[in-house]
Amino acid sequence: MKSVANNPSVAVIDIGSNSIKVLIAARDAAGNVASLHSRTIDARISAGISSADPQLGSEGMARGLTAIQELLMDAAPFKPARTVLVATSAVRDAGNGAEFRAKVKTAVGHDIRILSGDEEANLIGRGLTSDPALAALQDFYVFDLGGGSLECLAFQGRRVQQAVSLPLGCVRLTEKFVPNPSAPFAAETMEKIAKHTHIALARSGFLFALPDAVAVGTGGTVATVRAILGARTRLRAEQTAPVVNVADLRGLLDQLSPLSLEQRQRIPGMPAARADVFPAALTTFLVLAALGGLSSFHHSFYNLRWGLAADALEHL
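Analysis parameters
Residues numbered from 1 in each chain as written. Predicted model: local features only at pLDDT ≥ 70, side-chain atom pairs only at ≥ 80, totals over all residues. Heavy atoms only, no water. Core = buried A, V, L, I, M, F, W, Y, C linked by side-chain atoms within 4.5 Å. Buried < 20%, exposed > 50% of the residue type's maximum accessible area, 1.4 Å probe, protein only. Helix = DSSP H or I, 4+ residues; strand = E, 2+ residues; numbered from the N terminus. Salt bridge = Lys/Arg side-chain N within 4 Å of Asp/Glu carboxyl O. Pairing = 2+ DSSP bridges. Axes fitted to C-alpha atoms, helices over the stretch in contact; angles between N-to-C directions. Polar contact = N/O pair within 3.5 Å; in protein donor to acceptor, adjacent residues only side chain to side chain. Disulfide = S-S within 2.5 Å. Contact = heavy atoms within 4.5 Å.

J.: Just to check I follow, could you spell out the nonpolar core for this structure?
T.: Buried together is how nonpolar side chains tend to be arranged in soluble globular proteins. Within the largest apolar cluster, 73 residues are counted, with the highest numbers of intra-cluster contacts made by Ile15, Ile20, Phe100, Phe143 and Phe297. Here this core gets nine residues from one element, more than from any other, and that element is helix H10 (residues 278-292). In this structure, Val33, Leu123, Leu153 and Leu304 belong to the second largest nonpolar core, which totals 27 residues.

See below:
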């Protein structure tokens, strides 16, 4: 990493449905966005997100507030010139999202910016174009799967041509279709999720029209796949190959489906807090692969937080 010692930094806290994350970033000597620190806390504030009138529960809000306070303490030693807190699907859709925002404002003194689906999708796109590993890509898809929503983007000449945000997050789908997350993942449940996802994508108007385009996957699902595959050879997720084959996704789903939640949680590399929603997440990526004729996903860690950091640094 080129020196960032004399450059101002920004802190971005992304309050997602399943996890809350911080990124401390600054411009390096070449003007690129460089990470100084990042951390993820699985807080799952989104319980109940699939109901007709979604509400944030008191326990979820408490977990979220605690996570935000911890991540702000992480950021403090870097003395960021600006701190940005954003929330996505869970807070955006909740009837009592304003109550949660008020609790956070009272406790930590920061406002939470609620991103629309379009804003979220486009900021994810901006984050992806900050990834040096993707610098040579011109035409590509981006799929970012969170707990509450799925963002789908298509780039041509590194410019966003399509961007849609759909209520297909893995927490949402698990709540809606999985009758008992502690039990094995039944084939009937998988078929219901796949059908629902297929219909939602078809109705969205998102087109898989790019010839020979690369598919980029971001979010916790593909990162978890890399962590599980890496654990088999004692590698950390970031040490594994960034390209994840669809055959590996299908093999993992076949391996996990007969297992109980407790058994899934014991798989090396599996974050315990994601084990209940992971089968639904894998199913979603397999539907994307089938619709797009995709054989692999190139995983990137450069996601929404990076887009927000680039925007914040631009406005210092």
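J.: Please explain the pattern of salt bridges as it appears in this structure.
T.: Once their charged atoms are close, side chains differing in charge can pair, the charge on each being opposite to the other. Within the structure shown, the criterion is met by 13 salt bridges. We note a salt bridge from aspartate 111 to lysine 105, for which the minimum N-O separation is 3.6 Å. Aspartate 111 sits in the exposed class, given a relative accessible area of 54%. Aspartate 311 is the salt-bridge partner of arginine 126, the closest N and O atoms lying 3.6 Å from each other. Here the residue arginine 126 occupies a position in helix H4 (residues 117-128), and aspartate 311 occupies one in helix H11 (residues 304-314), the gap between them amounting to 185 residues. Salt bridges here are not isolated pairs; linked through shared partners, they connect Arg39, Glu70 and Asp74.

J.: Help me understand the pairing of strand E3 (residues 33-42), please; the structure alone is not making it clear to me.
T.: The two faces of the sheet receive side chains in turn, since in a regular strand these alternate between them. In the sheet, strand E2 (residues 19-27) pairs with E3 via nine bridges, with the strands oriented antiparallel. The residue bridging serine 19 from the neighbouring strand is aspartate 42, located in E3. Count of turn residues in the E2/E3 antiparallel hairpin: five residues, of which glycine 31 carries a positive phi of about 90°.

J.: Before we go on, may I ask you to explain the sheet that holds strand E6 (residues 140-145) in this structure?
T.: Read across the open sheet, the six strands follow the order E8-E7-E6-E9-E11-E10; overall the sheet is mixed. Bordering the open sheet on either side are strand E8 (159-166) and strand E10 (243-245), each of which pairs with just one other strand. Each neighbouring strand pair of the sheet contributes to a mean axis angle of 25°, computed without reference to strand direction. In terms of strand pairing, E6 meets strand E7 (residues 150-156) through six bridges, oriented antiparallel. Paired with aspartate 144 across the strands is glutamate 151, a residue of E7.

J.: I tried to follow unusual backbone geometry on my own but got confused; where do I start?
T.: Keep in mind that most residues, glycine aside, have a negative phi and that most peptide bonds are trans. A positive phi is found at aspartate 212, a non-glycine position, where the angle reads about 55°. Summarising the element assignment, aspartate 212 is placed in the loop between helix H6 (187-204) and strand E9 (214-218). On the accessibility criterion, aspartate 212 (80% relative accessible area) is exposed. For arginine 234, which is not glycine, the phi torsion reads 60° and is therefore positive. Following the sequence through the fold, arginine 234 ends up in the loop between helix H7 (220-231) and E10. On the basis of relative accessible area, arginine 234 is assigned to the exposed category, the value being 80%.

J.: I tried to follow the environment of glutamine 55 on my own but got confused; where do I start?
T.: With respect to the helices and strands, glutamine 55 occurs in the loop between E3 and helix H1 (58-75). The class of glutamine 55 is partly exposed, set by a relative accessible area of 35%. A C-alpha to C-alpha distance of 5.7 Å links glutamine 55 and asparagine 96, two positions 41 residues apart in sequence. There is a polar contact of 3.4 Å between the side chain of glutamine 55 and the backbone nitrogen of asparagine 96.

J.: I tried to follow the state of the cysteines on my own but got confused; where do I start?
T.: Put plainly, two cysteines are in a disulfide when a covalent bond ties their sulfur atoms together. By the definition in use, this model includes zero disulfides. Cysteine 170 provides the cysteine sulfur closest to cysteine 152, a residue in no disulfide bond, and the two sulfurs are 14 Å apart. Under the relative-accessibility criterion, cysteine 152 is labelled buried at 0%. Residue classification places cysteine 170 among the buried residues on the basis of a relative accessible area of 3%.

J.: Just to check I follow, could you spell out the sheet that holds E3 for this structure?
T.: Strand pairs in the sheet, formed through backbone hydrogen bonds, run parallel or antiparallel to each other. Overall, mixed pairing links the five strands, which are arranged E3-E2-E1-E4-E5 in an open sheet. The open sheet has two edge strands, E3 and strand E5 (112-114), and neither has a second partner. Pairs of neighbouring strands in the sheet enclose a mean axial angle of 20°, with direction left out of account. Here strand E4 (residues 82-87) runs beside E5; their pairing, made up of three bridges, is parallel. Bridged to valine 86 within E5 is arginine 113. Where helix H3 (residues 97-108) meets the sheet, it contacts strand E1 (9-15), E4 and E5, and its direction lies at approximately 155° from that of E5.

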